[in-house]
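Coordinate inspection notes
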Amino acid sequence: MSVYDILYILLIFSFAMCAVAMWINWFLNRHELALRDWAVALSLALAGCLMAVTARLNTSDPNDMVPLTFFSLLRDLGTSINGLAWFVLWRGVLRFMGRSLPDKKLLFSSWLAIFTLLLAGHPLGLAAAWGVAWISLLISALSLMVLYEILRYGVSGIATWFACAGFSGAALTWGVRAVMSFLDISRPVDTGFDTVVMFGAVITTFACMMSLMLLANQRLIQRLGNLASREKKTGILSRRAFFDFIEPIPGNSADKQKTGAVVILDIDNFAEINDLYGGRSGDQALAHVALMVRQILGRQDLIARNKGGEFILFICDKSAKQAEALLNRLQVLMRQNIIDTARGSFQIKLSIGIAEHRPGEGLSDTVSRAAERLSQEKSRSRGNTSSAVSSKAS
């Protein structure tokens, strides 16, 4: 048994271990369907390699595959299944990135085309390098396609760079092997260079698969973090998450000159809404206000649920007067909308307090001033039919 054969068997073990790890990851995170695709791809690669190495070890001359025998057919079948595995891997990457997926019929058609192409080498009198050339070209091309999608993903980090390194290495080594095989179609397929390629395949298999699992787990951690920081009823930030996001602004010496406005919104008579129209109407009111506020805020601005019927906002790079003008738009939107419930309809009225963030001021101090403005606004608006933005925002 040659070094090439030993490395081929090591490659099979690497596929087996990665497949088990990928299946376990998918069972633990079933929402990430890309993990299932990658697990299927690794299982197919494992089956294909087992067929190919079985054919190789049971053939007197592995480089002479011209006669169409059971073992040469087994090798062609295993090689074509390896090609299918890379198609499924690429499809999983597309799913992970949120791209449109190729039809499953295309996968079957691709596998059939590869298998037919390999079988065509027998009547043409071509050696084993014929199959190696085509499958190497396919692996190299699909590695480049996967690499392109990862780079388009636009997320930096060790997992991304690890994936880029792995798929770049696979594209390069298999690409060179394809070129060498096409240039000399009668060459042996287990030369010293082929041995290096097989060693590289063992390394890049671990690198590529581990990096894909890291990307999937990274997304899972991000989703869990989002769930933990979001308020369930409205989908916006919780009060604690709001302060976690904003605290660095006044606390960092480099950020003390940043400007912005803290706003506290309060749904007037929120307790009465719950009493008159039911508890779900209160939830409807909260969700509606959150939706309306998000329509007027910029991408850098933040909104969070404060307490009861209150919301807290941070509007970046706006003075109190600019924030007041923005929130007057919100009041117009609120007057144009009516909430319908089983017990009747109602209109949401808001009281608003604004405090402009002062350079070097702590966030809690800014929030306290906004709360004070809100209290003053509510005192003035008692008995009125509507509420307006405080004209004394500062």
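Residues numbered from 1 in each chain as written. Predicted model: local features only at pLDDT ≥ 70, side-chain atom pairs only at ≥ 80, totals over all residues. Heavy atoms only, no water.

**So, the overall build of the chain**
This is how it is decided: Secondary structure elements follow DSSP: runs of H or I of four or more residues count as helices, runs of E of two or more count as strands, with numbering from the N terminus. Burial status follows relative accessibility: with a 1.4 Å probe on protein chains alone, a residue under 20% of its type maximum counts as buried, one over 50% as exposed, and anything between as partly exposed. Note on contacts: a residue pair is in contact if any heavy atoms of the two residues lie within 4.5 Å.
Within the chain, the secondary structure is distributed over 13 helices and 6 strands. Counting all 394 residues of the chain, 51% fall into the buried class. Long-range pairs, those at least 24 residues apart, make up 72% of the contacts in the chain with a sequence separation of at least 6.

**Looking at the confidence of the model for the chain**
The condition that has to hold: pLDDT expresses, on a scale from 0 to 100, how confident the predictor is about each individual residue.
In this model, the chain carries an average pLDDT of 82, and 88% of its residues clear a pLDDT of 70 or more. Scored below 50 in pLDDT, residues 249-257 makes 13 contacts in the model with residues more than four places away or belonging to other chains. For the stretch residues 385-394, pLDDT sits under 50, and the model shows 37 contacts to residues farther than four places along the chain or on other chains.

**Things to note about the sheet that holds strand 2 (residues 302-305)**
The strands that make up a sheet are held in pairs by hydrogen bonds between backbone atoms, and each pair lies either parallel or antiparallel. What counts here: For two strands to be treated as a pair, DSSP must find no fewer than two bridges joining them. For helices, the fitted line uses only the C-alpha atoms of the stretch in contact; every axis is such a line through C-alpha atoms, and the angle between N-to-C directions lies from 0 to 180 degrees.
Sheet architecture is open: 4 strands sit in the order 2-3-1-6, paired in antiparallel fashion. This sheet does not close on itself; its edge strands, each paired only once, are strand 2 and strand 6 (350-356). When the angles between neighbouring strand axes are averaged without regard to direction, this sheet yields 15°. Across the face of the sheet, helix 13 (residues 363-381) comes into contact with strand 1 (260-267), strand 3 (310-316) and strand 6 while running at roughly 145° to strand 6.

**Here's the deal with the packing of helix 10 (residues 270-277) against helix 11 (residues 279-296)**
Here is the rule: Roughly parallel covers angles under 35 degrees, roughly antiparallel covers those over 145, roughly perpendicular covers 65 to 115, and oblique covers all other angles. We call Asp, Glu, Lys and Arg charged. Ala, Val, Leu, Ile, Met, Phe, Trp, Tyr, Cys and Pro are nonpolar, and the rest, Gly among them, are polar.
Running from N to C, helix 10 and helix 11 point in directions that differ by 135°, and their axes come no closer than 6 Å. In terms of orientation, helix 10 and helix 11 fall into the oblique class. Residues Phe270, Ile273, Asn274 and Tyr277 of helix 10 touch helix 11, and the partners they reach there are Gly279, Ser281, Gly282 and Leu286. Among the residues forming the contact of helix 10 with helix 11, the class breakdown is 4 nonpolar, 4 polar and no charged.

**With respect to the pairing of strand 3**
In terms of burial, strand 3 is largely enclosed, as 6 of its 7 residues are buried. For strand 1 and strand 3, the ladder comprises 7 bridges, and the chain directions are antiparallel. Opposite Gly260, over in strand 3, you have Cys316 as the bridge partner. Note that strand 2 and strand 3 share 4 bridges and pair antiparallel. Bridged to Ile303 within strand 3 is Leu313. Here strand 2 hands over to strand 3 after 4 residues, with Gly308 in that stretch at a positive phi of 50°.

**Some details on empty space enclosed by the protein**
To keep things clear, this is the line we draw: A 1.4 Å probe that fits but cannot get out identifies a cavity on a 1 Å grid over protein atoms alone, an open set with protein on both sides within 12 Å along at least five of seven lines counts as a pocket, and a residue lines either if it has an atom within 4 Å of a point. Grid points are joined across faces, edges and corners, and a volume is the space filled by probe spheres set on the points.
Scanning all chains against the criterion turns up 1 cavity of 30 Å³ or more. In this structure, the largest cavity occupies an estimated 580 Å³ of space. Lining the largest cavity are 38 residues, and of these Tyr8, Asn82, Ile135, Ile139 and Trp174 lie nearest its centre. In terms of residues, the lining of the largest cavity owes the most to one element, helix 3 (residues 70-97), which gives 7 residues. Grouping the constituent residues of the lining of the largest cavity by class yields 27 nonpolar, 7 polar and 4 charged.

**What about a nonpolar patch on the surface?**
This is how it is decided: Each patch is assembled from residues with relative accessible area greater than 30% and no salt bridge, linking like charges that lie within 9 Å and nonpolar side chains (Val, Leu, Ile, Met, Phe, Trp, Tyr) that lie within 5 Å. Where accessible areas are quoted, they stem from the Shrake-Rupley method and a 1.4 Å probe; at the residue level, only the protein chains shown are allowed to cover. When a carboxyl oxygen of Asp or Glu is within 4 Å of a side-chain nitrogen of Lys or Arg, the pair counts as a salt bridge.
Among the surface-exposed residues, Met1, Ile6, Leu10 and Leu57 lie close enough to one another that they form a single nonpolar patch of about 410 Å² accessible area. By secondary structure assignment, the location of Leu57 is in helix 2 (residues 33-57). Owing to a relative accessible area of 44%, Leu57 belongs among the partly exposed residues under this scheme.

**Thoughts on the pattern of salt bridges**
Considering all chains together, one arrives at 7 salt bridges under this definition. The residue Asp5 makes a salt bridge to Arg56 at a minimum N-O spacing of 2.4 Å. Taken together, the residues Asp5 in helix 1 (residues 3-28) and Arg56 in helix 2 connect sequence positions 51 residues apart. For the residue pair Asp5 and Arg56, the accessibility class agrees, reading buried in each case. The closest approach of N and O atoms between Glu149 and Arg152, which form a salt bridge, is 3.7 Å. Of this pair, Glu149 and Arg152 are both found in helix 5 (residues 129-153), 3 residues apart, which corresponds to roughly one turn of the helix.

**Quick notes on unusual backbone geometry**
Unusually for a residue other than glycine, Asn269 sits at a positive phi of about 55°. Looking at where Asn269 falls in the secondary structure, it is placed in the loop between strand 1 and helix 10. Even without being a glycine, Asp317 presents a positive backbone phi close to 55°. As for its position among the elements, Asp317 is in the loop between strand 3 and helix 12 (320-335). With a relative accessible area of 56%, Asp317 lands in the exposed category.

**Regarding the environment of Ala113**
Locating Ala113 in the fold gives a position in helix 4 (residues 104-119). Taking the C-alpha atoms as reference, Ala113 lies 8.8 Å from Ser80; in sequence the two are 33 residues apart.

**Describing the side chain of Glu310**
Cut-off, in case you're wondering: Charge convention: Lys and Arg are scored as positive, Asp and Glu as negative, and His as well as the terminal groups of each chain are ignored.
Position of Glu310 among the secondary structure elements: in strand 3. Buried charge without a salt bridge: Glu310, with Lys307 as the nearest opposite-charge side chain at an N-O distance of 4.8 Å. Apart from the residues lying within four places of it in its own chain, the contact partners of Glu310 are Ile264, Leu265, Asp266, Arg305 and Leu374.

**Regarding helix 11**
Rules: In this scheme, a helix's expected span is set at 1.5 Å multiplied by one less than its residue total.
Between its first and last C-alpha, helix 11 extends 27 Å over 18 residues, near the 26 Å set by a 1.5 Å rise per residue. All of the buried residues in helix 11 are Ser281, Gly282, Ala285, Leu286, His288, Val289, Ala290, Met292, Val293 and Ile296.

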